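# Descriptive analysis of the structure
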Amino acid sequence: MARVLRRLQRVDKAIARSRKVHGRNNHSSRRERLYAKMANVQNDHNHNATTAISKSAGRVALESINMAGMMHNRSLARTIADAGMCGVLAGLEYKSA
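Let us look at the structure shown here.

## Let's talk about the pattern of salt bridges
Per the stated rule, a full pass over the model turns up 1 salt bridge. Residues Arg 31 and Asp 12 are paired through a salt bridge, measuring 2.8 Å at the closest nitrogen-oxygen approach. On the criterion of sequence distance, the pair formed by Arg 31 in helix H2 (residues 29–56) and Asp 12 in helix H1 (residues 2–17) is long-range, its members being 19 residues apart.

Dropping the structure here:
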């Protein structure tokens, strides 16, 4: 995920340099492909993790935590946002049933 994020930052910087070609409202296919790749990596990881948890554990208990409060922490915010905890919760619900 970090490697794709670094590539995305590099592409964003290149697009920002070429304002005449890619203005504010113009879309870049390279950027869209990288966002799609990041989403696919995240979904695949969440799917594999929830499958492993549901197969190995007989009973699963989830603790509710203050995600909005944790997003205010600058060192944790990106990691928490990239984790996609809502998808993990939904995946565990239907795989555990």
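## With respect to a positive patch on the surface
Among the surface-exposed residues, Arg 3, Arg 6, Arg 7, Arg 10, Arg 30, Arg 33 and Lys 37 lie close enough to one another that they form a single positively charged patch. No other element matches H1, which puts 4 residues into the positive patch. If you trace the backbone, Arg 10 turns up in helix H1.

## Side note on the side chain of Thr 50
Within the secondary structure layout, Thr 50 lies in helix H2. When its relative accessible area of 2% is taken as the criterion, Thr 50 is described as buried. Here Asn 46 takes part through its backbone oxygen, which lies 2.9 Å from a polar atom of the side chain of Thr 50. Not counting residues up to four positions away in its chain, the partners in contact with Thr 50 are Val 88, Gly 91, Leu 92 and Lys 95.

## With respect to the nonpolar core
Grouped together as the largest cluster of nonpolar side chains are 7 residues: Val 4, Leu 5, Leu 8, Val 11, Ile 15, Leu 34 and Met 38. Of all the secondary-structure elements, those providing two or more residues to this core are H1 and H2.

## Some points on the packing of H2 against helix H5 (residues 85–96)
Angle between the axes and distance between the axes: these two values describe a pair of packed helices. One way to put it is that H2 packs onto H5 with a least axis distance of 9 Å and a crossing angle of 40°. Taken together, the axis directions place H2 and H5 in an arrangement best described as oblique. Every pair of crossing elements has a handedness; the one defined by H2 and H5 is right-handed. Of the residues in H5, those in contact with Asn 46, His 47, Thr 50, Thr 51, Ile 53 and Ser 54 of H2 are Val 88, Gly 91, Leu 92, Tyr 94, Lys 95 and Ser 96. Of the residues assigned to the contact of H2 with H5, the class counts are 4 nonpolar, 7 polar and 1 charged.

## Examining the packing of H1 against H2
Where H1 contacts H2, the two axes come as close as 10 Å, and the packing angle between them is 165°. Relative to H2, the element H1 is oriented roughly antiparallel. Every pair of crossing elements has a handedness; the one defined by H1 and H2 is left-handed. Along the contact surface, H1 presents Val 4, Leu 5, Arg 7, Leu 8, Val 11, Asp 12, Ala 14 and Ile 15, while H2 presents Arg 30, Arg 31, Leu 34, Tyr 35, Lys 37 and Met 38. Its residues assigned to classes, the contact of H1 with H2 shows 9 nonpolar, no polar and 5 charged.

The rules behind each value
- Residues numbered from 1 in each chain as written.
- Predicted model: local features only at pLDDT ≥ 70, side-chain atom pairs only at ≥ 80, totals over all residues.
- Heavy atoms only, no water.
- Salt bridge = Lys/Arg side-chain N within 4 Å of Asp/Glu carboxyl O.
- Helix = DSSP H or I, 4+ residues; strand = E, 2+ residues; numbered from the N terminus.
- Patch = residues over 30% accessible without salt bridge, like charges linked within 9 Å, V, L, I, M, F, W, Y side chains within 5 Å.
- Areas by Shrake-Rupley, 256 points an atom, 1.4 Å probe, with all protein chains shown as cover.
- Lys, Arg positive; Asp, Glu negative; His and termini not counted.
- Charge placed at Lys NZ, Arg CZ, Asp CG, Glu CD.
- Buried < 20%, exposed > 50% of the residue type's maximum accessible area, 1.4 Å probe, protein only.
- Polar contact = N/O pair within 3.5 Å; in protein donor to acceptor, adjacent residues only side chain to side chain.
- Contact = heavy atoms within 4.5 Å.
- Core = buried A, V, L, I, M, F, W, Y, C linked by side-chain atoms within 4.5 Å.
- Axes fitted to C-alpha atoms, helices over the stretch in contact; angles between N-to-C directions.
- Parallel < 35°, antiparallel > 145°, perpendicular 65-115°, else oblique.
- Left-handed = near helix turned anticlockwise from the far one by under 90°.
- Nonpolar A, V, L, I, M, F, W, Y, C, P; charged D, E, K, R; others polar.

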